[in-house]
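Commentary on secondary and tertiary structure
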Amino acid sequence: MAKIVGGIATSHVPAIGRAIAKGLQQDPYWKPFFDGFPPIRQWLNEVKPDVAVVLYNDHGLNFFLDKMPTFSVGAAAEYHNADEGWGIPALAPARGNLDLSWHLIESLVENEFDITTCQEMLIDHAVSLPMALLWPEHKDSGDWPVTVVPVCINTVQVPLPSASRCYKLGQSIGKAIEAWESDARVVVIGSGGLSHQLDGERAGFVNKEFDLKFMESLISDPAWATQYSNHELIEQVGTQGIELLMWLATRAALPGKVSKLSANYHIPISNTAAGTLLMENS
Ligand code: DHB
Ligand code: FE
C-alpha cells in the first residue's frame, strides 16, 4: 500500500513567481519568505516522495465563474500551466499520475464526495508556485521528481464548502491514498492562505494572531478550525484568506498525530500573510 510521508502547506502569492524569475530570493523583502523553504527541501531530499497530491484553489484559469465545481480532481497525463496575467513565466508541465487519480476519484465518490473529474486541467499559480518553491532545480526542464494529482477546492465563488466539509474531504483523501495498491511515497501539499484580502474596504487586512493560532491548531488540535462557519473564518482571515481551507484539508489527510518539522510566517508578501508548514506523522 502507498505511504503518506507528510504534508506541506504554503501560501501562493503570484509575486513569488516574479521574484523567482528575477532571482530575488536574497533580497531583504523576499528573504524572510524564501528562508522557509530550505528545511522543507532538505526533508524532501531525505524522504523522496514519488507523488504529490496538491490541494489548491483555482483562480479563474481552469474554472471560470460560469462553471464552478466545489471539489474537482485531475485525471490527466499532464498538467500545463499558462499565463494568468501576473507576469510569471509559465512552469514546465507537471506529469500526472493516472493510477492514483482514478483510485482517488473512485474512492471519493464511493465515500459520497460527488466530485468533478477533469481529464484536462490547467494548473494555475496555486500549483505552479509550490512546485517551483519545493523543486526549484526542475522548474525549467520539467523533469519533476514527483508525479502530481491536483485536487481543486472552490474558495473563489460562493457558496464555498465549509471547513468541516473540507476536513472530511481531507480525511477521505488520506484514507484513499493509504488504500492505494502501490508502493509509492505520497506527499500532500496544501496551497493557499494565510490571512489576506485583496479587494474591498478591508483590502490589505491580515490577522497574525488568528493565523498563528490556526497553524498551531493543525498540530495540537487539528479539527479546531471546523468550529467556525466560513462567514466567521472570512471575518478572521479576509475574503481570500479562506484559502486556508487547503491547509486544513491537508492536515486532515495525514493519518494520526503529526509533528511540526518546520514552520515559517512572514507579513506581508504582497497583500498576504505568507506561511509555510511541514508536518510529518509522529
Ligand atoms: C495575492 C494572493 C493570492 O492568494 C492570490 O491568489 C493572488 C494574489 C496577493 O497577495 O497579491
Ligand atoms: Fe490565492
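Notes on the structure follow. (Residues numbered from 1 in each chain as written. Chains lettered and ligands numbered in written order. Predicted model: local features only at pLDDT ≥ 70, side-chain atom pairs only at ≥ 80, totals over all residues. Heavy atoms only, no water.)

Each pair of donors in an ideal octahedron of six around a metal sits at 90 or 180 degrees, and each pair in an ideal tetrahedron of four sits at 109.5 degrees. For the iron ion (ligand 2), the full set of protein donor atoms is His12 (NE2), His59 (NE2) and Glu243 (OE), and the range of their distances to it is 2.0 to 2.2 Å. Judged by relative accessible area, which is 4%, histidine 12 ranks as buried. (Donors = N, O, S within 2.8 Å, 3.2 Å for Na, K, Ca; no water. Buried < 20%, exposed > 50% of the residue type's maximum accessible area, 1.4 Å probe, protein only.)

Turning to the site of ligand 1, a few remarks are in order. Taken together, His12, Val13, Pro14, His59, Trp86, His125, His196, Leu198, Glu243, Ser270, Asn271 and Thr272 make up all the residues around ligand 1. At 3.2 Å, a side-chain N or O of histidine 12 approaches an oxygen atom of ligand 1. Residue histidine 125 places a side-chain N or O atom 2.8 Å away from an oxygen atom belonging to ligand 1. Within the complex, the protein chains bury 95% of what would otherwise be the 300 Å² of accessible surface of ligand 1. The class makeup of the residues in the shell around ligand 1 is 4 nonpolar, 7 polar and 1 charged. (Near = heavy atom within 4 Å. Polar contact = N/O pair within 3.5 Å; in protein donor to acceptor, adjacent residues only side chain to side chain. Areas by Shrake-Rupley, 256 points an atom, 1.4 Å probe, with all protein chains shown as cover. Nonpolar A, V, L, I, M, F, W, Y, C, P; charged D, E, K, R; others polar.)

All right, on to a nonpolar patch on the surface then. Taken together, the side chains of Phe64, Leu65 and Val156 present a nonpolar region at the surface, about 280 Å² in accessible area. Following the sequence through the fold, leucine 65 ends up in the loop between β2 (51–56) and β3 (71–74). (Patch = residues over 30% accessible without salt bridge, like charges linked within 9 Å, V, L, I, M, F, W, Y side chains within 5 Å. Salt bridge = Lys/Arg side-chain N within 4 Å of Asp/Glu carboxyl O. Helix = DSSP H or I, 4+ residues; strand = E, 2+ residues; numbered from the N terminus.)

What follows deals with the pairing of β3. Going residue by residue along β3, you find Phe71 and Val73 tucked away on one face and Ser72 and Gly74 tucked away on the opposite face as well. Examined bridge by bridge, β3 and strand β8 (residues 147–153) share 3 bridges and lie antiparallel to one another. If you follow phenylalanine 71 over to β8, its bridge partner there is isoleucine 153. (Pairing = 2+ DSSP bridges.)

Further remarks concern the sheet that holds strand β1 (residues 3–10). Read across the sheet, 8 strands follow the order β6-β3-β8-β2-β9-β1-β11-β10 without closing on themselves; strand pairing throughout is mixed. Looking at strand neighbours, the two that pair on one side only are β6 (116–118) and β10 (258–269), the edges of this open sheet. Looking at each pair of strands side by side, their axes are set apart by 15 degrees on average, direction ignored. Sheet contacts for helix α9 (residues 245–253): β1, β2, β8, β9 (185–191), β10 and β11 (272–281); angle to β9, the most-contacted strand, approximately 160 degrees. (Axes fitted to C-alpha atoms, helices over the stretch in contact; angles between N-to-C directions. Contact = heavy atoms within 4.5 Å.)

Moving on to the pattern of salt bridges. Applying the stated criterion across every chain, the model contains 4 salt bridges. For aspartate 35, the salt bridge identified is with lysine 31, shortest N-O distance 2.9 Å. Judged by relative accessible area, which is 31%, lysine 31 ranks as partly exposed. In this structure, glutamate 216 and lysine 213 form a salt bridge, with 3.5 Å as the shortest nitrogen-oxygen distance. Of this pair, glutamate 216 and lysine 213 both sit in helix α7 (residues 208–220), 3 residues apart, which is roughly one turn of the helix. Taking the relative accessible area as the measure of exposure, lysine 213 reaches 36% and is therefore partly exposed.

Bringing the packing of aromatic side chains into the picture now. Applying the stated criterion to the full structure yields 9 aromatic pairs. Between phenylalanine 210 and tryptophan 224, the ring centres sit 5.4 Å apart and the planes meet at 40 degrees, which makes this aromatic pair tilted. Of the two residues, phenylalanine 210 sits in helix α7 while tryptophan 224 sits in the loop between α7 and α8 (230–237), which places them 14 residues apart along the sequence. Take phenylalanine 210: its relative accessible area is 6%, and that puts it in the buried class. Ring centres of tryptophan 224 and tyrosine 228 lie 5.4 Å apart, and the angle between their planes is 80 degrees; this geometry places the pair in the edge-to-face category. Residue classification places tryptophan 224 among the buried residues on the basis of a relative accessible area of 13%. Relative accessible area serves as the criterion here: at 22%, tyrosine 228 is assigned to the partly exposed category. Ring pairs connect the aromatic residues Tyr29, Trp30, Phe33, Phe34 and Phe37, which therefore count as one cluster. Directly above the aromatic system of phenylalanine 205 lies the positively charged group of arginine 202, at a separation of 4.3 Å from the ring centroid. We note lysine 213 situated over the ring of tryptophan 224; from NZ or CZ to the ring centre the distance is 5.0 Å. (Phe/Tyr/Trp six-rings, centres within 6.5 Å; stacked < 30°, edge-to-face > 60°. Lys NZ or Arg CZ within 6 Å of the ring centre and 35° of its normal.)

The next subject is the environment of isoleucine 4. Mapping isoleucine 4 onto the fold places it in strand β1. For isoleucine 4, a relative accessible area of 3% puts it in the buried group. In sequence terms isoleucine 4 and methionine 68 are 64 residues apart; their C-alpha atoms lie 29 Å from each other. Here isoleucine 4 is in contact with Gly174, Ile177, Glu178, Val186, Val188, Ala253, Leu254, Pro255 and Asn281, once residues within four sequence places are set aside.

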